[in-house]
Amino acid sequence: MAQFLAYGAPQSVGVLYPEWLHIFQESKGMTAWVGSLVSGVGLIASPVCSACVDNFGARPVTIFSGVMVAGGLMLSAFAPNVQFLMFSYGIVVGLGCGLVYAATLTITCQYFDKRRGLALGIVTTGTSVGAFVYATAQNELIVLFGLDGCLLIIGALALNLMACAGFMRPLNMPGYYLKQKAALERNTEEQLFEKPLADELKITPGSPTTTPDKTLMVKELLITIDTKNLAVQTDKKNGSFLSGLAIVKVIKKKQQAYCKYMHSMADIMQDQAMVAFCIAVFLFSLGAFPPVLFMEDVAQSEGLIEEVSFIPLVSIVAITTGVGKLVLGVLADLRWMNSIYLYAFTLFAAGVALLLIPITKSYMGLQILSAVVGFFSGNWSLTSYITTKIVGLDRLTQAHGILMFFGGFGILLGPPVVGWFFDWTQSYDLAFYFSGTCVVLGGLILFVLNLPCWHRKKLESDRPDVHYTSNCDKVASVA
């Protein structure tokens, strides 16, 4: 439901695209920035979004994103020009969607072990169902209430994201609370708290420092005590000089933590499989997203249909993408299935379908190719699954943030490039040839860089470094 409410409007932005062209009278390339920003900004900011989920947890992040998505959609109703839309619809709504995406996928991977592929497929189906429903609903709302009324209504619906956040109970305490717990316990040992606070903790003067009552109350105080309060207490006890030293110490520790986080990201990018996956996702996003945005305009500019049909091409793409996410998620759970090769195959198939779009001269042909592209675009449900397989669950949020950064960068560039191709040639043919070639190339790179011969060379180079000193080491290494 969270992905349904957040991504319903951005995924069906192709329905709003002709309306914005008519109202603002800007070029196709300029207007396309709105659709590319809303899908690209959230993914480009994925490393930051993943860090937020790691630090604060999925529930607070989803609540905050609900405010951002709803506010951005409502603000877009009052947009005077395309540049304002780029900010309100593109950046604000895009960042909110990025936060929802990171939070929902992270909490799903934490809750599911055995059927993770199917679970991710079901969760990410929310975006496809949302795009299918919102595409038709926005058409009707525009007829009934106009474009401004449509944006206000779907913005009000997006506020239900805060209700969805209530169910995302964390299995593990987020990093923000763990840091507070560590700081609180350390400061308790150093006896920096004043005596009245010890009375509040129900500790008698002669009691030991590790009583159950004290431990319980310390855990309850985790949320209420932070470094600011610590600085105030230190100021009361030891003076302003020591308070300044404490603040400097906290800043240095924060810097060390962020540096360590960045180093861990750099370590992830040293994995060849991860680098190949990032390149493939970038090329797929660069080539496969623009058709969803421009499909209706292609049909109208080629004279295949006069106006948007009752079931738009965007809706066909959305519903087949939902089916693809479920089917590909189930296939990824099969023991004999290599999920990386499966992803590479989806890129080949989607790229071939994109290359056939300029040749098609009937609306029925466009519907079939839209269905094919949509089905294999369901490979988005495999991204978290493959990332977990490459780097492990412990580094999932960091690695997935890096991966979505590449995907968002591709989505950001794709629609404006296709729009500029049209403005230059007055035809979508060259643009779709470019898109199809990018997607096929991404599948080829992913397949070649994950052939078994690379792993064999790596194992042979690592073999001399393994030394066993006793049977206990052998048992431990196997375990």
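From a predicted model like this one, the values you see are computed outputs, not experimental measurements.

Cut-off values and rules
- As a convention, each chain's residues are numbered from 1 in the sequence order in which they are written.
- Two thresholds apply to this predicted model, a pLDDT of at least 70 for residue-level local features and 80 or more for giving and counting side-chain atom pairs, whereas whole-chain, interface and lining totals are computed over all residues.
- Only hydrogens and water are removed before side-chain values are computed, so all heavy atoms of the structure are retained for them.
- The angle between two axes is taken between their N-to-C directions and runs from 0 to 180 degrees, where each axis is a line fitted to C-alpha atoms and a helix contributes only its stretch in contact.
- Helix and strand assignments follow DSSP, with helices taken as H or I runs no shorter than four residues and strands as E runs no shorter than two, numbered in order from the N terminus.
- Here is the rule for angles: anything less than 35 degrees is roughly parallel, anything more than 145 is roughly antiparallel, 65 through 115 is roughly perpendicular, and the remaining ranges are oblique.
- Note on contacts: a residue pair is in contact if any heavy atoms of the two residues lie within 4.5 Å.
- Asp, Glu, Lys and Arg are counted as charged, while Ala, Val, Leu, Ile, Met, Phe, Trp, Tyr, Cys and Pro are counted as nonpolar; the rest, among them Gly, fall into the polar class.
- Nine residue types can take part in a nonpolar core, namely buried Ala, Val, Leu, Ile, Met, Phe, Trp, Tyr and Cys, and a core is a set of them joined through side-chain atoms within 4.5 Å.
- Exposure is judged per residue with a 1.4 Å probe applied to protein chains only, and the accessible area is read against the type maximum: over 50% gives exposed, under 20% gives buried, and values in between give partly exposed.
- Note: pLDDT gives the predictor's confidence per residue, expressed from 0 to 100.
- A pair of Phe, Tyr and Trp rings is counted when the ring centres sit within 6.5 Å of each other, with Trp represented by its six-membered ring. The angle between the planes then sorts it: under 30 degrees is stacked, over 60 is edge-to-face, the rest tilted.
- Put simply, a patch holds well-exposed residues, over 30% relative accessible area, that have no salt bridge, with like charges counted together within 9 Å and Val, Leu, Ile, Met, Phe, Trp or Tyr side chains within 5 Å.
- Here, Shrake-Rupley sampling with a 1.4 Å probe gives the accessible areas, and only protein chains in the shown set may cover a residue.
- Whenever a carboxyl oxygen of Asp or Glu lies within 4 Å of a side-chain nitrogen of Lys or Arg, that contact is scored as a salt bridge.
- Site definitions follow a grid-based scheme: protein atoms alone, a 1 Å grid, a 1.4 Å probe that fits but cannot get out for cavities, and for pockets an open set with protein on both sides within 12 Å along at least five of seven lines, plus lining residues having an atom within 4 Å of a point.
- Grid points are joined across faces, edges and corners, and a volume is the space filled by probe spheres set on the points.
- A helix is expected to reach a length of 1.5 Å times the quantity of its residues less one.
- Fitting axes to the seven residues that end at a residue and to the seven that start at it, the angle between those axes gives the bend at that residue.
- Each polar contact in these results corresponds to two N or O atoms within 3.5 Å; when the atoms are within protein, one needs to be able to donate a hydrogen and the other to accept it, and residues that are neighboring in sequence are counted only if both atoms are side-chain atoms.

## Some points on the packing of helix 3 (residues 28-44) against helix 4 (residues 46-56)
And then number 1: Across the interface, helix 3 lies against helix 4 with an axial gap of 5 Å and an inter-helix angle of 55°. Considering their axes alone, helix 3 and helix 4 lie oblique with respect to each other. Between helix 3 and helix 4, the contacting residues are G42, L43 and I44 on the first element and S46, P47 and C49 on the second.
And then number 2: For the contact of helix 3 with helix 4, the residue count by class is four nonpolar, two polar and no charged.

## Here we look at the environment of I153
And then number 1: Inspection of the secondary structure assignment puts I153 in helix 7 (residues 116-158).
And then number 2: In the structure, I153 is positioned 79 residues away from M74 in sequence and 8.0 Å away in space, judged by C-alpha atoms.

## As for the nonpolar core
And then number 1: Ranked by size, the top nonpolar core spans 112 residues in total, and within it W20, Y89 and Y343 carry the most contacts.
And then number 2: Examining the composition of this core, we find that 15 residues originate from one element, helix 6 (residues 82-111), more than from any other.
And then number 3: Setting aside residues up to four positions removed in sequence, W20 forms contacts with V13, Q25, T31, V34, L85, Y89 and L147.

## Some details on the side chain of T31
And then number 1: Tracing the sequence through the fold places T31 in helix 3.
And then number 2: Residues contacting T31, with those up to four places away along its chain left out, are Y17, W20, L21, E26 and V82.

## Structural notes on the confidence of the model for the protein
And then number 1: Mean pLDDT over the protein stands at 76; residues scoring 70 or higher make up 77%.
And then number 2: Residue range residues 191-237 is modelled with pLDDT below 50. Its contacts to residues more than four positions away, or to other chains, number 43 contacts.

## Details of the packing of aromatic side chains
And then number 1: According to the stated counting rule, one finds 11 aromatic pairs in the structure shown.
And then number 2: Where F284 meets W380, the ring centres are 6.2 Å apart and the plane angle is 55°; that geometry is what we call tilted. Separated by 96 residues along the polypeptide, F284 in helix 14 (residues 272-301) and W380 in the loop between helix 17 (363-376) and helix 18 (383-391) bring together distant segments of the chain. The burial state of F284 is the same as that of W380; both residues are buried.
And then number 3: Consider the rings of F405 and F406, whose centres lie 5.8 Å apart with planes at 85°: the pair is edge-to-face.
And then number 4: In textbook terms, an aromatic cluster arises when at least three aromatic residues are bridged by ring pairs, as seen for F282, F405, F406 and F409.

## Quick notes on a nonpolar patch on the surface
And then number 1: Side chains of V143, L144, F145, I153 and L157 sit close together on the surface and give an oily, nonpolar patch of about 500 Å² of accessible area.
And then number 2: With a relative accessible area of 31%, I153 lands in the partly exposed category.

## Structural notes on empty space enclosed by the protein
And then number 1: Across all of its chains, the model carries four cavities of 30 Å³ or more by this definition.
And then number 2: Computed from the structure, the largest cavity encloses a volume of approximately 450 Å³.
And then number 3: What lines the largest cavity is a set of 24 residues, and nearest its centre among them are Q11, F289, K325, W380 and I411.
And then number 4: Only helix 1 (2-11), helix 3, helix 7, helix 14, helix 15 (313-332) and helix 19 (396-425) provide two or more residues apiece to the lining of the largest cavity.
And then number 5: By residue class, the composition of the lining of the largest cavity is 14 nonpolar, nine polar and one charged.

## Quick word on helix 3
And then number 1: The terminal C-alpha atoms of helix 3, which comprises 17 residues, lie 23 Å apart, in line with the 24 Å expected from a rise of 1.5 Å per residue.
And then number 2: At S36, helix 3 is deflected by roughly 40°, the largest bend along its length.
And then number 3: Of all 17 residues making up helix 3, 14 are buried, and the element is well covered by its neighbours.

## Focus on the environment of T62
And then number 1: Counting through the fold element by element, T62 comes out in helix 5 (residues 58-76).
And then number 2: Its relative accessible area of 0% is what places T62 among the buried residues.
And then number 3: When the C-alpha atoms of T62 and A102 are compared, they prove to be 9.3 Å apart, with 40 residues separating the residues in sequence.
And then number 4: In this structure, T62 is in contact with A103, L161, A165 and M168, ignoring residues within four places of it in sequence.
And then number 5: In this structure the side chain of T62 is engaged in a polar contact, spanning 2.7 Å, whose partner is the backbone oxygen of A58.

## Some remarks on the packing of helix 7 against helix 18
Helix-helix packing is described using two parameters, namely the angle between the two axes and the distance between the axes.
And then number 1: Two elements in contact, helix 7 and helix 18, have axes separated by 9 Å at closest approach and are oriented at 145°. Counting all contacts with helix 7, which are made through R116, G117 and L120, the residues of helix 18 involved are S384, Y385 and T388.
And then number 2: Of the residues that constitute the contact of helix 7 with helix 18, the class distribution is two nonpolar, three polar and one charged.

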